[in-house]
Amino acid sequence: MSIVQLPDERGYFGTYGGMYVPETLMAPLNDLAREYESARKDPAFSTELASLLKDYVGRPSPLYRAEGLTRHLGGATLYLKREDLLHTGAHKINNAIGQILLAKRMGKKRVIAETGAGQHGVATATVAAKFGCECVIYMGEVDMKRQALNVARMKFLGATVVPVKVGQRTLKEAVNEAMRDWVTNIRSTHYILGTAYGSHPYPAMVRDFQRIIGDEARAQILEKEGRLPDHIIACVGGGSNAIGIFTAFVPDTQVALTGVEAGGRAIVPGEHAARFAGGSLGVLQGTRSYILQDDNGQILNTHSISAGLDYAAVGPEHAYLREIGRASYAYATDDEALEAFRLLCKIEGIIPALESSHAVAHAMKIAPTLGSDKIVIVNLSGRGDKDVQQAAQFVGMELP
Ligand SMILES: *Cc1c(COP(=O)(O)O)cnc(C)c1O
């Protein structure tokens, strides 16, 4: 299969993707695509990136055989790809490091980013500090409240955090503000978009910076088990950790790929963020994909217990993989994610991000239905330190 060769030169994965942006952004996006193409072929770029991923980020992340969880669920053998162990606590840093190196090549000394849960904001503020760049992070006011710890981290790292107070005051509005900033400051500024979404070249570029997750996992499982896994499971917000672990396995058609979206309280408009379960085709923030919209094309409000999955649209390559039948998409509700969060804490001594807990929740559903000869890899996209306060509230835990 030549799927990983996509997108085409206009940024399309089949009929999904593209460049749906104002005229003023076409030139900088085309410049970025060209710069990225030349960086990809430059051995000096690859060498510097590899060295930073190893010594600064902490790669390779382990592939951990979760024996307690496997025993508890009583079925397939479960492995966790431990992106939670990376510097700053999630996979977002893989992409942020790659893009700051691009900013450096382009001579841009100011970086901006949107953030939902705050993990991408923290990753961006981190690499900006390391490379001496000015850094501005746009974050919805609602997300700032539920992720106050990450706001403090960004500020200590030297970033300016701008509260976005319009609309639903979450990720979608933060993206709008970041795009507005970029249009205004295009000469000095690189926009470090945090997921495999938006106009070309971002979906492909972010995928390529994240594909190390799957490249490592594939080599690690072959070394440990002598064969490929039967299932790969990852949560899907914009889609970067999922596409990052899927890509290496796409040609291995015997490996089932499953993305897990946020089912929220229920699959009714406004109560979830499961774009494939409750969405339809449309255009939002630069790309054509599945989005949550009403009959008039107005973007619906979304809800998820996890800020990182709380977004109205999904990356175009996921829409494509689903259409050609290479990947399938499920969802887990808030309650199921919270149950998975608690189980992993208790049984494995690992506090997962609420986002990643959605992937664990799906593994809890399918593992018991599979034979003990089957192997499932769950991408543990991040750690849950940022989420404990919110989780405590949800379960009614008394805190001093
Ligand atoms: C941001 C985030 C996600 C969702 O983003 P994707 O681009 O879909 O990966 C998932 N898990 C964690 C830990 C995150 O921080």
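## Here we look at the site of the ligand
Consideration 1: Not every one of the 18 residues close to the ligand is listed here, only the nearest: Lys92, Thr195, Gly237, Ser240 and Ser381.
Consideration 2: Take threonine 195: an N or O atom from its side chain is 2.5 Å from an oxygen atom of the ligand.
Consideration 3: Within the contact set of the ligand, an oxygen atom lies 2.8 Å away from a backbone nitrogen or oxygen of glycine 239.
Consideration 4: Calculation on the ligand without its partners gives an accessible area of 380 Å², and the protein chains cover 97% of this total.
Consideration 5: Across the shell around the ligand, the residue classes tally to five nonpolar, 11 polar and two charged.

## What about the sheet that holds strand β4 (residues 77-82)?
Consideration 1: Pairing within the open sheet is mixed, and its six strands lie in the order β3-β4-β14-β9-β10-β13. Each edge of the sheet is formed by a strand with only one pairing partner; in this case those strands are β3 (63-65) and β13 (327-333). The average angle at which neighbouring strand axes cross in this sheet is 25°, direction not considered.
Consideration 2: The sheet contact formed by strand β9 (residues 231-235) and strand β10 (residues 256-264) spans five bridges and is parallel. In the strand pairing of β10, histidine 231 is matched with alanine 256.

## As for the environment of isoleucine 377
Consideration 1: Along the chain, the position of isoleucine 377 falls in strand β14 (residues 375-380).
Consideration 2: With relative accessibility at 0%, the residue isoleucine 377 sits in the buried group.
Consideration 3: Distance from isoleucine 377 to arginine 82, taken between C-alpha atoms, is 10 Å for residues 295 residues apart in sequence.
Consideration 4: Ignoring any residue separated from it by four or fewer positions in sequence, one finds isoleucine 377 in contact with Leu63, Tyr79, Lys81, Ile221, Pro229, His231, Ile232, Ile233 and Ile245.

## What to know about the sheet that holds strand β1 (residues 12-13)
Consideration 1: Here four strands make up an open sheet; going across it, the order is β1-β2-β12-β11 and the pairing antiparallel. With partners counted over all chains shown, the strands left at the sheet margins are β1 and β11 (280-284), one partner each.
Consideration 2: By the bridge criterion, five bridges tie β11 to strand β12 (residues 286-291) in an arrangement that is antiparallel. Across the sheet, residue valine 283 finds its bridge partner in β12, namely arginine 288.

## Some details on the pattern of salt bridges
Two side chains of opposite charge can pair, provided their charged atoms sit close to one another.
Consideration 1: Applying the stated criterion across every chain yields a total of 31 salt bridges.
Consideration 2: In this structure, the salt-bridge partner of glutamate 48 is lysine 104, at a minimum N-O distance of 3.0 Å. Remark: lysine 104 occurs in helix α4 (residues 92-105) and glutamate 48 occurs in helix α2 (residues 43-57); sequence separation between them is 56 residues.
Consideration 3: Taking the relative accessible area as the measure of exposure, lysine 104 reaches 45% and is therefore partly exposed.
Consideration 4: In this structure, the salt-bridge partner of glutamate 134 is arginine 110, at a minimum N-O distance of 3.6 Å. Taken together, the positions of glutamate 134 in strand β6 (residues 134-140) and arginine 110 in strand β5 (residues 110-115) put the pair 24 residues apart, joining distant regions of the chain.

About the cut-offs
Residues numbered from 1 in each chain as written. Predicted model: local features only at pLDDT ≥ 70, side-chain atom pairs only at ≥ 80, totals over all residues. Heavy atoms only, no water. Near = heavy atom within 4 Å. Polar contact = N/O pair within 3.5 Å; in protein donor to acceptor, adjacent residues only side chain to side chain. Areas by Shrake-Rupley, 256 points an atom, 1.4 Å probe, with all protein chains shown as cover. Nonpolar A, V, L, I, M, F, W, Y, C, P; charged D, E, K, R; others polar. Pairing = 2+ DSSP bridges. Helix = DSSP H or I, 4+ residues; strand = E, 2+ residues; numbered from the N terminus. Axes fitted to C-alpha atoms, helices over the stretch in contact; angles between N-to-C directions. Buried < 20%, exposed > 50% of the residue type's maximum accessible area, 1.4 Å probe, protein only. Contact = heavy atoms within 4.5 Å. Salt bridge = Lys/Arg side-chain N within 4 Å of Asp/Glu carboxyl O.

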